[in-house]
Amino acid sequence: MDLGTAVKAPAAGQAPAPRWPSMFLLDPAQYAHARARRARAARPVRPVHPSRILPLLIAGTPCPVCGEQFMATPNAVGLLALTAHGYTPGEAARRLRTSRTQVDADLDALADGLGATNTCHAVDTGHRSGLLRLPARPRRLLHQPTAAALAVLQGMADGRTDSETGLRIGRTARAVNEAVNRFLRLHGVRTRPDGVTLLHRARLLDATHPCPCWITTGTNP
Ligand SMILES: [Zn+2]
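Now for a description of the structure that goes with this document.

Here is what the cut-offs are and how they apply
Residues numbered from 1 in each chain as written. Predicted model: local features only at pLDDT ≥ 70, side-chain atom pairs only at ≥ 80, totals over all residues. Helix = DSSP H or I, 4+ residues; strand = E, 2+ residues; numbered from the N terminus. Buried ≥ 20, exposed ≤ 12 C-beta atoms within 10 Å, placed from the backbone. Contact = placed C-beta atoms within 7 Å. Core = buried A, V, L, I, M, F, W, Y, C linked by C-beta atoms within 7 Å. Axes fitted to C-alpha atoms, helices over the stretch in contact; angles between N-to-C directions. Parallel < 35°, antiparallel > 145°, perpendicular 65-115°, else oblique. Nonpolar A, V, L, I, M, F, W, Y, C, P; charged D, E, K, R; others polar.

1. What to know about the overall build of the protein
Then, number 1: Looking only at helices and strands, one finds ten helices and two strands in the protein.
Then, number 2: Along the protein, from the amino end to the carboxyl end, the secondary structure elements read α-α-β-β-α-α-α-α-α-α-α-α.
Then, number 3: Here the protein holds 221 residues, and 29% of them are scored as buried.
Then, number 4: Considering only contacts in the protein between residues 6 or more positions apart, those separated by 24 or more positions represent 59%.

2. Here we look at the nonpolar core
Then, number 1: In this structure, Leu80 and Leu110 are the most contacted members of the largest nonpolar core, which totals 34 residues.
Then, number 2: In terms of residue count, helix α3 (residues 74-84) provides more of this core than any other element does, five residues in total.
Then, number 3: In this structure, Leu110 is in contact with Ala76, Leu79, Leu80 and Ala122, ignoring residues within four places of it in sequence.

3. Looking at the environment of Ala109
Then, number 1: By secondary structure assignment, the location of Ala109 is in helix α5 (residues 100-113).
Then, number 2: Under the C-beta neighbour-count criterion, Ala109 is labelled exposed, with 12 such atoms within 10 Å.
Then, number 3: Ala109 sits 33 residues away from Ala76 along the chain, and the two C-alpha atoms are 9.2 Å apart.

4. Brief notes about unusual backbone geometry
Then, number 1: Here the phi dihedral of Arg97 falls at roughly 50°; this positive angle occurs in a residue that is not glycine.
Then, number 2: Looking at the element boundaries, Arg97 is found in the loop between α4 (89-95) and α5.
Then, number 3: What makes Arg97 exposed here is the crowd of 6 C-beta atoms within 10 Å.
Then, number 4: Here Arg203, not a glycine, exhibits a phi torsion of approximately 60°, which is positive.
Then, number 5: Within the secondary structure layout, Arg203 lies in the segment after α10 (192-201).
Then, number 6: Taking the C-beta count within 10 Å as the criterion, Arg203 has 11 such neighbours and is therefore assigned exposed.

5. Quick look at the environment of Arg185
Then, number 1: Within the secondary structure, Arg185 is located in helix α9 (residues 173-186).
Then, number 2: Its 10 C-beta neighbours within 10 Å are what place Arg185 among the exposed residues.
Then, number 3: Each C-alpha atom of the pair Arg185 and Gly195 lies 9.9 Å from the other, and the pair is ten residues apart in sequence.

6. Some details on helix α7 (residues 147-157)
Then, number 1: Within α7 the residues assigned to the buried category are Val152, Leu153, Gln154, Gly155, Met156 and Ala157.
Then, number 2: Residues of α7 that are buried in the fold lie against α6 (119-129), α8 (162-169), α9 and α10.
Then, number 3: Positioned one or two residues after α7, Gly159 has a phi angle of 85°, which is positive.

7. Describing the packing of α7 against α9
Then, number 1: The geometry of α7 relative to α9 is characterised by a closest axis approach of 9 Å and an angle of 95° between their N-to-C directions. Classed by the angle they form, the pair α7 and α9 counts as roughly perpendicular. The residues of α9 that touch α7, namely those facing Ala149, Val152, Leu153 and Met156, are Val176, Ala179, Val180 and Phe183.
Then, number 2: Taken together, the residues of the contact of α7 with α9 break down into eight nonpolar, no polar and no charged.

Encoded structure:
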């Protein structure tokens, strides 16, 4: 029965009249439900805290010369942060519920994207570009590194191999490796990228913005 017929039929005495005035109105029992539905619809949307909205890209601090910013996806920054806090690739894979192969590939892609030569350099770039946040107050180290040790540690942060750093400062690769390990052991740090983080927190490394436009005169030519 179409709607026109339904309205006309009772008048014509051909069908029983609808139970409540017409089929186009709600039964009184249904009004309460309709009111509740309207009330639910009118309820203001609860605001979501900004930290719960995942941005598409995370931006670092602007370059002081050209104003460009390093950008990375939240996943990339997440992996960089885990690495910067001493997670080995295997541990990061377990934490992110993915494979070690995937994490290795992601770390390579991350280093490429940041223009870094290795993971240590990627973490260093993350700190200098503002993709990884440093605390406002410098951290005090229990054992202040000597100038010679700092030259070794800066080489590590710059992504140089132990041999490359050794060549620059006139020491063997083995001596460089021992100096790095001594620093890590003294401060209870497990990985080199975590050491880079600690040194940045202590404000002991070159912290200039790593933008390609920036001509560094000091440690990272
Ligand atoms: Zn720039």
